Amino acid sequence: MVLLAMAWDDVSVLIGEATGPMRVPVVFAVGDAELELDVALSPSATVAELVEALAGGGPVGGSTRLLVDGRPVDLDAAVAEAGLRPGCRLTLGVWEAPLRNGVEALPKPVVELRVVGGLDAGGSFPLGPGRWVVGRFGADVVLDGATVSARHAEVVVDGLGGVRVRDLGSLNGTRVDGMFVTGEVAVAAGSVVSLGAVQVEFRPAVVAAPRPRSMNRPPRPAPPAPPAPIAVPEEPAPPAARSRLAWMAMLAPMAMAAFMAVVWGPRMALFGVVTPVMVLGSWAEDRRRSARDSQRSVAALAVELERFAAALNAARE
């Protein structure tokens, strides 16, 4: 529920009830009149209940909206989330927002009021099309400055971002680029508007780009490594040709030994026997070595074939 303590012409009115509420002083604008209210916030209160309390406790139409400093607030929102702050200005009105896919959409800001000089320097206020009152207290845009009147100036924003300024009878006046405003004056881009000692500029509103949608996808497993190539065993090289028995190397020394035995004696025949023995020994060793190398090549090929068959079976599994 919403508790309202209203003070107007020394008359106090209590509406609703609340448990342990927090009071917020606000200004409720009704036509040309402004009521100073203390709004007691309850954790369970909604904006719709606050609107009903401001309307006198009766039901309100579906198009009625609460504007907090000129900003429309959703009726289904909690009062604690409506942005109420001490000194804010509340108004009730019929909000004719455009429809987008059948859903009511709030107007987007087209300009930004940026404070470039004064106590609020660096602050910014997005403004949509419409009329906005700028001042120190109870205005749509509240600026902190002793030289700013409570309702200092009115800013008119059109749908294309054009801005016009009108002074509301402020004490210190309103100037555009150093020239005092009389009537409603158009404000060009880059012009400095002075509200007392506070300077502001109007810049095109920056529309934030939609944030990319983050995806938290688990890492994908790495593809399996391709199988290692299996080399096919090569057939062993054919054995080297065996040397033939050198008959001439055997017979020639024997003939020479026979001649020497006849001429110089039988002992000389021994020289004819040594050479044939050496030739026969060399021929026998060559045959034995060739046979051994051939057997080793056949055995190595058998081992390689067994390994090749085992690798093929493993790859199939």
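Throughout, a residue's number is its position along its own chain's written sequence, starting from 1. For a predicted model such as this one, the threshold for reporting local features is a pLDDT of at least 70, and the threshold for listing and counting side-chain atom pairs is 80 or more; totals across whole chains, interfaces and linings nevertheless cover every residue. By convention in this description, side-chain values take in all heavy atoms of the structure and omit both hydrogens and water.

## A short note on the overall build of the chain
Okay, so step 1: For helices the rule is a DSSP run of H or I covering at least 4 residues; for strands it is a run of E covering at least 2, with both sets numbered from the N terminus onward. When helices and strands are tallied, the chain shows three helices and 20 strands.
Okay, so step 2: A total of 317 residues make up the chain; the buried ones form 31% of that total.
Okay, so step 3: A sequence separation of at least 24 residues applies to 48% of the contacts in the chain between residues at least 6 apart.
Okay, so step 4: Calculation of accessible area relied on Shrake-Rupley with a 1.4 Å probe; when residues are assessed, cover is drawn exclusively from the protein chains displayed. Roughly 20600 Å² of accessible area belongs to the chain as shown, and the carbon and sulfur atoms make up 60% of that amount. Exposure categories follow from relative accessible area, calculated using a 1.4 Å probe and restricted to protein chains: below 20% of the type maximum is buried, above 50% is exposed, and the middle band is partly exposed. A contact between two residues is defined here by any heavy atoms of the two lying within 4.5 Å.

## Description of the sheet that holds strand β20 (residues 198-204)
Okay, so step 1: Each pair of strands is called paired provided DSSP finds at least two bridges between the two strands. Reading across from one edge, β11-β10-β20-β19-β16-β17 is the order of the six strands in this open sheet, with antiparallel pairing throughout. The two strands at the open ends of the sheet, each matched to only one other strand, are β11 (124-127) and β17 (179-180).
Okay, so step 2: Bridge count for strand β19 (residues 192-195) against β20 is four bridges, and the pairing is antiparallel. In the strand pairing of β20, V193 is matched with V200.

## Side note on the pattern of salt bridges
Okay, so step 1: A side-chain nitrogen of Lys or Arg and a carboxyl oxygen of Asp or Glu constitute a salt bridge if their distance falls within 4 Å. Counted under the stated rule, the structure contains eight salt bridges.
Okay, so step 2: Here D140 makes a salt bridge to R89, at a shortest N to O gap of 3.7 Å. Taken together, the residues D140 in the loop between β12 (130-135) and β13 (141-142) and R89 in strand β7 (residues 89-94) connect sequence positions 51 residues apart.
Okay, so step 3: We classify D140 as buried; its relative accessible area is 12%.
Okay, so step 4: Overall, R89 belongs to the buried group, its relative accessible area being 12%.
Okay, so step 5: Of the charged contacts, one joins E201 and R203 as a salt bridge, the two residues approaching to 3.0 Å between their closest N and O atoms.
Okay, so step 6: Note on R203: relative accessible area 33%, which makes it partly exposed.
Okay, so step 7: In this structure, a network of salt bridges that share partners links the residues R131, E154, R164, R166 and E184.

## Considering the sheet that holds strand β15 (residues 163-167)
The pairing of strands in a sheet happens through backbone hydrogen bonds and is either parallel or antiparallel.
Okay, so step 1: Across the sheet, five strands lie side by side as β13-β12-β14-β15-β18; this open sheet has mixed pairing. What marks the edges here is a single partner per strand, and that holds for β13 and β18 (184-187).

## Focus on the nonpolar core
Okay, so step 1: Definition used in this section: a nonpolar core is a set of buried Ala, Val, Leu, Ile, Met, Phe, Trp, Tyr and Cys residues joined via side-chain atoms within 4.5 Å. Formed by 22 residues in total, the largest nonpolar core has its most connected members in L127, L143, V155, V200 and F202.
Okay, so step 2: The set of elements that each furnish at least two residues to this core consists of β10 (111-117), β12, β14 (153-157), β15, β19 and β20.
Okay, so step 3: Non-local contacts of V200, meaning those with residues more than four positions away in its chain, are made with L113, R114, V115, V116, L143, S191, V192 and V193.

## Concerning unusual backbone geometry
Among all residues save glycine, negative phi is the norm, and among peptide bonds the norm is trans.
Okay, so step 1: Here D177, not a glycine, exhibits a phi torsion of approximately 55°, which is positive.
Okay, so step 2: The residue D177 is located in the loop between β16 (174-176) and β17 in this model.
Okay, so step 3: For D177, a relative accessible area of 48% puts it in the partly exposed group.

## Examining the confidence of the model for the chain
Okay, so step 1: Confidence of the predictor at the level of single residues is captured by pLDDT, which takes values from 0 to 100. The share of residues in the chain with pLDDT of 70 or more is 75%, and the mean pLDDT across the chain is 75.
Okay, so step 2: The low-confidence segment residues 96-105, where pLDDT is below 50, has ten contacts with residues more than four positions distant or belonging to other chains.

## A word on a nonpolar patch on the surface
Okay, so step 1: Where nonpolar side chains cluster on the molecular surface, the patch consists of M256, F259, V262, V263 and W264 and spans about 600 Å² of accessible area.
Okay, so step 2: Within the fold, V262 resides in helix α2 (residues 247-264).
Okay, so step 3: We classify V262 as exposed; its relative accessible area is 71%. Here a patch means residues that are over 30% exposed by relative accessible area and free of salt bridges, tied together within 9 Å if like-charged and within 5 Å if nonpolar (Val, Leu, Ile, Met, Phe, Trp, Tyr).

## Some details on the pairing of β12
Okay, so step 1: Two elements, β12 and β14, share five bridges in a ladder whose sense is antiparallel. Pairing of W132 across the sheet is with V155, part of β14.
Okay, so step 2: In terms of strand pairing, β12 meets β13 through two bridges, oriented parallel. By the bridge assignment, G135 is partnered in β13 with V142.

## Here's the deal with the pairing of β11
Okay, so step 1: Bridge analysis of β10 against β11 gives four bridges, and the strand direction is antiparallel. The partner of R114 across the bridge, within β11, is S124.
Okay, so step 2: Hairpin geometry of β10 and β11 is characterised by an intervening segment of six residues between the two adjacent antiparallel strands and by a positive phi of about 120° at G118.

## Some details on the environment of L50
Okay, so step 1: Mapped onto the secondary structure, L50 falls in helix α1 (residues 47-54).
Okay, so step 2: A C-alpha to C-alpha distance of 8.7 Å links L50 and L66, two positions 16 residues apart in sequence.

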